[in-house]
Amino acid sequence: MPNDDPFSSGSRSRGSSSRAKVIDQDGREIPQGPFRSNGSGFDASAFRTFQQGQGSFVSGFDFSAALRPLTREQRLARLDAIAKLLDVAFIVPGTNIRYGIDGLIGLVPIVGDIVTTAISLWLVREARALGAPWHITARMLGNVAVDGVVGLVPVAGDAFDVMFRANMRNVRMLKRWLDRQPR
């Protein structure tokens, strides 16, 4: 009879108790918990015990890896990805004009510009959390203010959003400052 257990690996026998260590990206071993395979599939009894102690299904999941502080490089990569999504994620077909969701969301009068300005302000807050000095964050805030105020103008403001790319400017400014800092 073929192995019908979707949680067990096909290469190991059911009686085998040896298992490979699971290592996270920082090189630490991830301990076996109630949701890890122990060679015989999903450990439902451990799950029930864990669930009874915690009181809910959601608390049975380990969110500690998601809540762990990010490294400087991870935070910078996240800021870069968000800035690219906001400013240069798409290309107008047949041209080299790039635009992002900032230009698209900005088409919604007032509310769209407020939302994109709030996301841009979050990028500035993250830059400050990375240790950017006041003069860098002041320039970043200036870029966000220009982008937000001019973006309120109905059609010309949206065209300005596409061409000005405040978020890309801010991330580039932050990267230049971080490159000059000792690690």
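See the structure above.
Criteria and thresholds
- Residues numbered from 1 in each chain as written.
- Predicted model: local features only at pLDDT ≥ 70, side-chain atom pairs only at ≥ 80, totals over all residues.
- Heavy atoms only, no water.
- Helix = DSSP H or I, 4+ residues; strand = E, 2+ residues; numbered from the N terminus.
- Contact = heavy atoms within 4.5 Å.
- Expected span 1.5 Å × (residues − 1).
- Buried < 20%, exposed > 50% of the residue type's maximum accessible area, 1.4 Å probe, protein only.
- Arc of directions from axis to C-beta.
- Salt bridge = Lys/Arg side-chain N within 4 Å of Asp/Glu carboxyl O.

Visitor: Go over the side chain of Glu-126 with me, naming the residues and quoting the values.
Guide: Along the polypeptide, Glu-126 turns up in helix 5 (residues 111-129). Aside from chain neighbours lying at most four places away, what touches Glu-126 is Arg-75, Arg-78 and Leu-79.

Visitor: I'd love a proper account of helix 5, names of residues and values included.
Guide: The terminal C-alpha atoms of helix 5 lie 27 Å apart, and with 19 residues this matches the ideal 27 Å at 1.5 Å per residue to within 8%. Taken as a whole, helix 5 has its buried residues at Gly-112, Asp-113, Thr-116, Ser-120, Leu-123, Val-124, Glu-126 and Ala-127. Viewed end-on, helix 5 has its buried residues packed into an arc of 160 degrees, placing them on one side of the element. Seen from the buried face of helix 5, the exposed residues on the opposite side, beyond 90 degrees, are Val-111 and Ile-114. Buried-residue contacts for helix 5 involve helix 3 (72-87), helix 4 (101-105), helix 6 (134-151), helix 7 (156-164) and helix 8 (166-179). Backbone geometry just after helix 5 places Gly-131 at a positive phi near 100 degrees.

Visitor: Give me the lowdown on the pattern of salt bridges, citing residues and values where you can.
Guide: Oppositely charged side chains are able to pair whenever their charged atoms sit close together. One pass over the structure, following the stated rule, counts 5 salt bridges. With its nearest N and O atoms 3.4 Å apart, the salt bridge here joins Glu-126 to Arg-75. In this pair, Glu-126 is assigned in helix 5 and Arg-75 in helix 3, connecting sequence segments 51 residues apart. Comparing Glu-126 with Arg-75 shows no difference in burial state: the two are buried. Put simply, Glu-126 and Arg-125 hold a salt bridge, and the shortest N to O gap is 3.1 Å.

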